[in-house]
Amino acid sequence: MKHARDDNDSLLDRRTVVVGAGALAATALAACGASGDNTAASAPASAARSGGPTVLAKTADVPVGGGVIAGDTVVTQPSAGVFVGLDSTCTHAGCRVGEVTGGTVNCLCHGSKFGLDGSVVAGPAQRSLASKAVRVEGDSVVAE
């Protein structure tokens, strides 16, 4: 015959095992991420640790008349060889812009559209996207 105490001990043991397994899995995942070959994700982090510039995008990946979103920065190329850095936070309600298509930077939250220079093309946003300093180094666009 089981006693209530036996059931509680079993429950505690199961919890301990589940929590321990979760901690072990998290540790293994962190170790894999640290040693894995995740070149695109690790390049900016390693550059930042070494004091070098943070690579936002390869110049070849930023289309003329378009752009890419790299974390909290939008990198556009309004004309060949001219790269512009913009903050990815929409000035209307603080959402992150979601795409660069059709020659505009688009916020998917409420429909604001910005030019490749950050200027408002269509509201409800009233203010331009903030500028961010970027420069070309070799074949990369980097944050200044």
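Residues numbered from 1 in each chain as written. Predicted model: local features only at pLDDT ≥ 70, side-chain atom pairs only at ≥ 80, totals over all residues. Heavy atoms only, no water.

### A word on the overall build of the protein chain
- A tally of helices and strands in the protein chain yields 2 helices and 11 strands.
- Counting from the amino terminus, helix and strand elements in the protein chain follow one another as α-α-β-β-β-β-β-β-β-β-β-β-β.
- Expressed as a percentage of its 144 residues, the buried residues of the protein chain come to 25%.
- For the protein chain, the proportion of contacts with a sequence separation of at least 24, taken over those separated by at least 6, is 38%. (Helix = DSSP H or I, 4+ residues; strand = E, 2+ residues; numbered from the N terminus. Buried < 20%, exposed > 50% of the residue type's maximum accessible area, 1.4 Å probe, protein only. Contact = heavy atoms within 4.5 Å.)

### Considering the sheet that holds strand 11 (residues 140-143)
- Strand order in the open sheet formed by 3 strands is 1-11-10, and the pairing between neighbours is antiparallel. The open sheet has two free edges, formed respectively by strand 1 (55-58) and strand 10 (134-137), since each of these has just one partner strand. Across the sheet, the axes of successive neighbouring strands diverge by a mean angle of 30°, strand direction being ignored.
- For strand 1 and strand 11, the ladder comprises 3 bridges, and the chain directions are antiparallel. Directly across from A57, in strand 11, lies its bridge partner V141. (Pairing = 2+ DSSP bridges. Axes fitted to C-alpha atoms, helices over the stretch in contact; angles between N-to-C directions.)

### Re the confidence of the model for the protein chain
- When pLDDT is averaged across the protein chain, the result is 77; 65% of the residues are at 70 or more.
- Within the model, the stretch residues 8-12 combines pLDDT values under 50 with 0 contacts to residues more than four positions away or in other chains.
- Ignoring residues within four places in sequence, the model shows residues 16-49, a span with pLDDT below 50, making 5 contacts including any to other chains. (pLDDT = per-residue confidence, 0-100.)

### Things to note about the environment of D72
- As for its placement among the helices and strands, D72 is situated in the loop between strand 2 (66-70) and strand 3 (73-79).
- Distance in space between the C-alpha atoms of D72 and T89 is 7.3 Å, their sequence separation being 17 residues.
- Those residues in contact with D72 that sit more than four places away from it in its chain are L86, D87, S88, R96 and K132.
- Of note is the side chain of D72, whose polar atom sits 3.3 Å from the side chain of T73.
- At 3.2 Å, the side chain of D72 and the side chain of K132 are in polar contact. (Polar contact = N/O pair within 3.5 Å; in protein donor to acceptor, adjacent residues only side chain to side chain.)

### Side note on the pairing of strand 2
- Sheet topology note: the strand 2/strand 3 ladder contains 5 bridges and is antiparallel. In the strand pairing of strand 3, A70 is matched with T73.
- Adjacent in sequence and paired antiparallel, strand 2 and strand 3 are bridged by 2 residues, among which G71 carries a positive phi angle near 65°.

### Here we look at the state of the cysteines
- With the rule as written, the count across this model stands at 1 disulfide.
- Through a disulfide, C95 is tied to C109; the S-S separation comes to 2.3 Å. Taking the sign of the S-S torsion, about -110° here, the bridge from C95 to C109 comes out left-handed. A residue pair is termed long-range when its members are at least 10 positions apart, and C95 in the loop between strand 4 (82-87) and strand 5 (99-101) and C109 in the loop between strand 6 (104-106) and strand 7 (113-114) qualify at 14 residues.
- Residue classification places C109 among the partly exposed residues on the basis of a relative accessible area of 41%.
- For the unlinked cysteine C90, the closest cysteine sulfur is that of C107, found at 3.9 Å. (Disulfide = S-S within 2.5 Å.)

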